[in-house]
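Each chain, written out:
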Amino acid sequence: MALFSRIYFNAVFGALGGLLGWMLFGVFGDKNVPDSDRFWFSSLFWQLLGGGALIGGSIGYFVVSVEAIRDRSLLRFARLAAYGVVLGMVGGAAGILIGEGVNYLLVGWMGASRERPVLHLFGAMFARGLGWMFLGVAVGFSEGIAARSLGKFSYGTLGGAVGGFVGGMLFGLALEEANASGGHASLWGAVGLIILGACIGSLSALVQSVFQPASVKVLRGWQEGREYPLEKIANLLGRDEHADIALFRDMKVEKKHAIIQRAGQRYLLRNNNAPSEWTRVNDRPVLQSCDLQDGDRVQLGNIVLRFQARAAAERKQKGRG
């Protein structure tokens, strides 16, 4: 259920980013830009560059900051959104130019008459998928950089690339459908961008969830039912706005209450000078540190969490034993 919730929120916010990008492109884009046989030196080139930046920045803004939005953490939101916008704009600009450039070359190679419609459709979808894959990579980059997590950087980049390629192909399909049916290209473009944002958001969350080494789930208290991945070597828990696992609304939780630290295959809960009576593992007070095992109940203040180790890691440890 927690995985579904994470994928759902990422998909919804990614779709909102795609919709916002389409709206901004409609407002600021020049609808009367002439096409040119010299694509790379035409006015269309600069139009696509700006449009890609707007679309990429919008999707990056929502996808990268979705966790902070769910936590209602304003300072984290500002920091994450800034990374998402800047790197998303770079990825979006590069993605749309590469996609349109590859599509331009493929159309020239296959002929504009579209005598081979199936091949033409596949080529257009592949070109857009390849191009928007760079936006997905940029979104994954920004998630990892903003979280200062190598794991999130690598898994987010992989998930973003997959999401960008799949979403880009569906975006290309939407545009080709509009051209083939004589439909309103702008409306189909909106549909394509919404699908693109949803794919980048959802598949990025899915891949990260599959590869995350461990997590904690809130059993009681703020954000009950929420699952937080432990993607860093040291994960801060507390009421601090910049905490990796934000535990608000309980004044018995210190701002920087505890740290869950990874040491090889082991995970340790370290008390960060918080009262031991409000720092417990399986109802035992933790004065300094305590090893965590799968299923352990961690209580900080009145908030209860469950530590969840990956089954794959457990099988590996049992095999060695």
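Calculation criteria
- Residues numbered from 1 in each chain as written.
- Predicted model: local features only at pLDDT ≥ 70, side-chain atom pairs only at ≥ 80, totals over all residues.
- Heavy atoms only, no water.
- Helix = DSSP H or I, 4+ residues; strand = E, 2+ residues; numbered from the N terminus.
- Buried < 20%, exposed > 50% of the residue type's maximum accessible area, 1.4 Å probe, protein only.
- Contact = heavy atoms within 4.5 Å.
- Areas by Shrake-Rupley, 256 points an atom, 1.4 Å probe, with all protein chains shown as cover.
- Core = buried A, V, L, I, M, F, W, Y, C linked by side-chain atoms within 4.5 Å.
- Pairing = 2+ DSSP bridges.
- Salt bridge = Lys/Arg side-chain N within 4 Å of Asp/Glu carboxyl O.
- Expected span 1.5 Å × (residues − 1).

**Student:** Explanation requested: the overall build of the protein chain in the structure shown.
**Tutor:** Scanning the protein chain from N- to C-terminus turns up 7 helices and 11 strands. When each of the 321 residues of the protein chain is scored for burial, the buried share is 47%. Taking the intrachain contacts of the protein chain between residues at least 6 apart in sequence as the baseline, contacts between residues at least 24 apart amount to 62%. A total accessible area of about 15,400 Å² is found for the protein chain, and carbon and sulfur atoms account for 63% of it.

**Student:** In this structure, what is going on with the nonpolar core? I would like to understand it.
**Tutor:** Proteins that are soluble and globular tend to have nonpolar side chains buried together. Val216, Leu230, Leu247, Ile260, Leu269, Leu292 and Leu305 are the most contacted members of the largest nonpolar core, which has 25 residues in total. Within the residue set of this core, elements represented by two or more residues are strand E1 (214-220), strand E4 (245-246), strand E5 (258-263), strand E6 (266-271), strand E10 (297-300) and strand E11 (303-309). Each residue touching Leu230, except ones within four places of it in the same chain, is listed here: Pro213, Ala214, Ser215, Val216, Asn235, Ile245, Ile260, Arg262, Tyr267 and Phe307. One finds Phe45, Trp132, Phe171 and Leu175 within the second-largest nonpolar core, a separate group that totals 19 residues.

**Student:** I'm lost on the pairing of E11 in this one. Help?
**Tutor:** Residues in a regular strand project their side chains so that they alternate between the two faces of the sheet. Burial of E11 is extensive: 5 of the 7 residues sit out of reach of the surface. One ladder, built from 6 bridges, connects E1 with E11; its direction is antiparallel. By the bridge assignment, Ala214 is partnered in E11 with Ala309. Pairing analysis gives 4 bridges linking E10 to E11, with the strands arranged antiparallel. Residue pairing in the sheet places Val298 in a bridge with Leu305 of E11. Taking the residues between adjacent antiparallel strands as the criterion, E10 and E11 are bridged by 2 residues, where Gly301 takes a positive phi near 65°.

**Student:** Whenever I open this one, the pattern of salt bridges confuses me. Can you help?
**Tutor:** Any two side chains of opposite charge can pair, given that their charged atoms come close. In total, this model carries 7 salt bridges according to the counting rule given. Residue Arg76 pairs with Asp71 through a salt bridge whose shortest N-O separation is 3.0 Å. For Arg76, a relative accessible area of 10% translates into the label buried. Residue Asp71 is classed as buried on the basis of its relative accessible area of 1%. Through salt bridges with shared partners, one network takes in Glu67, Asp71, Arg76 and Arg226.

**Student:** Whenever I open this one, helix H1 (residues 2-28) confuses me. Can you help?
**Tutor:** Owing to its 3.6 residues per turn, the α-helix aligns residues three or four sequence positions apart on the same side. Given a rise of 1.5 Å per residue, 27 residues ought to cover 39 Å, and the 39 Å separating the end C-alpha atoms of H1 matches this to within 8%. Turning to H1, its buried residues number three or more, namely Ala2, Arg6, Asn10, Ala11, Phe13, Gly14, Ala15, Gly17, Gly18 and Gly21.

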